[in-house]
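# Report on the structure
Below are the chains, spelled out letter by letter.
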Amino acid sequence: MNLMMYCYFLLVKISNWLDKLARDHPDNCQVEVIGRSTEGRPLKLIKISSLLQNREKKLGIWIDGSTHAREWIGPMAVTYFINELVKNSDNYAEILSNVEFYVLPVVNPDGYSYSWVNDRMWRKTRSDYSRILSRSCRGVDPNRNFGYKYGGAGTSGDKCSNIYRGPSAFSEPETRAIRDYILNSSADFKAFLTIHSYSQVWIYPWGYSNDLPEDWEELDALAKLGTSAIAKRYGTVYEYGSSTNVLYAAAGGSDDWAKGSANIKYSYTIELRDTGSYGFLLPSNLILPTSQETWDGIQVVANHVGSLQ
């Protein structure tokens, strides 16, 4: 069992673990730095496939966590997914024969680190566009900073707001790194899964309005299957539907951008446990069950994507 599933870990621990995994399993995974944060921290992505040296084209699934710094369960769940795919790869031979995973456990390393040392409830990046001498007026909400329908509903131009969208779309090096990697990659991405907390919802575009994508029924059907798989293990109930209709409006989100600009068909935000009893302070004894049930749901997406091959 992955010992990382029993407590939360600092960024350096996650980073070192990724590097060791790539050294120990060079045929199945490789780590690359896709950019650097405002404060110079590397954005480490791990690519996972059955045989990396095999040049056969596979379909791609993107997964990321810790867009918002205080959502500590996100990167822990994502490391669980990585661990399963790499260390227990024989259990996922069929998925890995058709699909490659591109996983960025920590989108917002500056904010994540700050939430450990200075402010547990910190949400944003750590860029500084404000002359106001207040720590709360630093940073941008990365999930309002993507360029599709940027600046709309559910965002703020107030630099002190937790949903400050930034001075312009892709003002943050973290969001630019994701954009540039996906758009310049040779991967054929079919799914984009961004892991957040909390609320227990599985949502799809659009976040900028009540409108629905033309293929919303397909997105809805797969979300239904995913949430059903989650519920089977421990009985955890998730709602599903479009972002605005299930949760709230949030223009400039990464899922909207992935769908609307990068043309990734199955684009989802998955908000993990719980529904408010603990909120962002989810106890460490819930890391493992939360990760296990979420992985059950993600396998549904992976199997579906694999069937498209």
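Residues numbered from 1 in each chain as written. Predicted model: local features only at pLDDT ≥ 70, side-chain atom pairs only at ≥ 80, totals over all residues. Heavy atoms only, no water.

### Some points on helix H4 (residues 109-117)
How we decide: Classification of residues uses two cut-offs on accessible area relative to the type maximum, computed with a 1.4 Å probe and protein chains only: under 20% is buried, over 50% is exposed, and between them is partly exposed. Put simply, DSSP marks the helices as runs of H or I at least four residues long and the strands as runs of E at least two long, and each gets a number from the N terminus on. Residue contacts are counted whenever heavy atoms from the two residues lie within 4.5 Å of one another.
With seven of nine residues buried, H4 lies mostly within the body of the structure. For H4, every residue scored as buried is listed here: Pro-109, Asp-110, Gly-111, Tyr-112, Ser-113, Tyr-114 and Ser-115. The secondary structure elements touched by the buried residues of H4 are helix H1 (11-24), strand S2 (42-48), helix H2 (73-87) and helix H5 (173-184).

### A closer look at the state of the cysteines
What counts, and what does not: Cysteine sulfurs are considered disulfide-paired once they come within 2.5 Å of each other.
Under the definition given, this model contains one disulfide. One disulfide in the model links Cys-137 with Cys-160; its S-S distance is 1.7 Å. One disulfide, between Cys-137 and Cys-160, carries an S-S torsion of 85 degrees and so falls in the right-handed class. Of this pair, Cys-137 sits in the loop between H4 and H5 while Cys-160 sits in the loop between H4 and H5, and the two are 23 residues apart along the sequence. A residue is classified by how much of its surface remains accessible, and Cys-137, at 4% relative accessible area, is buried. Taking relative accessible area as the criterion, Cys-160 reaches 32% and is therefore assigned partly exposed.

### So, the sheet that holds strand S4 (residues 99-104)
Here is the rule we go by: DSSP bridges decide pairing: two strands pair if at least two such bridges lie between them. Fitting a line to C-alpha atoms yields each axis, with helices limited to the stretch in contact; the angle taken between N-to-C directions then spans 0 to 180 degrees.
One open sheet holds the eight strands; their spatial order is S1-S2-S4-S3-S5-S8-S6-S7, and the pairing between them is mixed. Whereas interior strands pair on both sides, the edge strands pair on one side only; in this sheet they are strand S1 (29-36) and strand S7 (239-242). Within this sheet the neighbouring strands show an average axis-to-axis angle of 20 degrees, counted without direction.

### Notes on the nonpolar core
Keep this limit in mind: Side-chain atoms within 4.5 Å are what join buried Ala, Val, Leu, Ile, Met, Phe, Trp, Tyr and Cys residues into a set we call a nonpolar core.
Within the largest apolar cluster, 56 residues are counted, with the highest numbers of intra-cluster contacts made by Ile-48, Ile-61, Ile-63, Phe-81, Ile-82, Phe-101 and Tyr-268. In terms of residue count, H2 provides more of this core than any other element does, nine residues in total. Those residues within four positions of Phe-81 in sequence are excluded, and the remaining contacts are Ile-63, Ile-195, Ser-291, Thr-294, Trp-295 and Ile-298. The next biggest cluster of nonpolar side chains, apart from the first, holds 22 residues, and it includes Phe-170, Ile-178, Trp-206 and Ala-262.

### Some points on the side chain of Asp-296
The cut-off we apply is this: Counting of polar contacts relies on pairs of N or O atoms within 3.5 Å, with two restrictions inside protein: one atom must be capable of donating a hydrogen and the other of accepting it, and residues adjacent in sequence are counted only when both atoms are side-chain atoms.
When you line up the elements, Asp-296 lands in helix H9 (residues 287-307). We classify Asp-296 as buried; its relative accessible area is 16%. At 2.7 Å, the side chain of Asp-296 forms a polar contact with the side chain of Arg-233. Apart from residues no more than four positions distant in its own chain, Asp-296 is found in contact with Ala-229 and Arg-233.

### Structural notes on the environment of Asp-256
Along the chain, Asp-256 turns up in helix H8 (residues 254-260). Residue Asp-256 is classed as buried on the basis of its relative accessible area of 0%. Sequence separation of Asp-256 and Ile-14 is 242 residues, and the distance between their C-alpha atoms is 28 Å. Once you skip the residues sitting within four places of it in the chain, Asp-256 turns out to touch Tyr-148, Pro-205, Trp-206, Gly-207, Tyr-208 and Ser-261. Polar side-chain contacts of Asp-256 include one of 3.1 Å to the backbone nitrogen of Tyr-208.

### Section: the packing of H2 against H9
Here is the rule: Orientation is classified from the angle alone, with under 35 degrees giving roughly parallel, over 145 giving roughly antiparallel, 65 to 115 giving roughly perpendicular, and any other angle giving oblique. Crossings are assigned a handedness: left-handed for a near helix turned anticlockwise from the far helix by less than a right angle, right-handed for a clockwise turn.
Two elements in contact, H2 and H9, have axes separated by 9 Å at closest approach and are oriented at 60 degrees. In terms of orientation, H2 and H9 fall into the oblique class. Seen from above, H2 lies across H9 with right-handed handedness. Contacts from Ile-73, Met-76, Ala-77, Tyr-80, Phe-81, Glu-84 and Leu-85 in H2 reach Ile-287, Leu-288, Thr-290, Ser-291, Gln-292, Thr-294, Trp-295 and Ile-298 in H9.

### Comments concerning the pattern of salt bridges
Where we set the bar: In what follows, salt bridge is the name for a side-chain nitrogen of Lys or Arg lying within 4 Å of a carboxyl oxygen of Asp or Glu.
Enumeration according to the criterion identifies 14 salt bridges in this entry. Between Asp-110 and Arg-41 there is a salt bridge whose closest N-O contact spans 2.8 Å. Highlighted residues: Asp-110 in helix H4 and Arg-41 in the loop between S1 and S2, separated in sequence by 69 residues. What makes Asp-110 buried here is its relative accessible area of 1%. Accessibility expressed as a relative area gives 27% for Arg-41, which makes it partly exposed. Residues joined by salt bridges that share partners form a network here, namely Asp-215, Glu-218, Lys-259 and Lys-265.

By themselves, these observations are geometric and do not establish any function.
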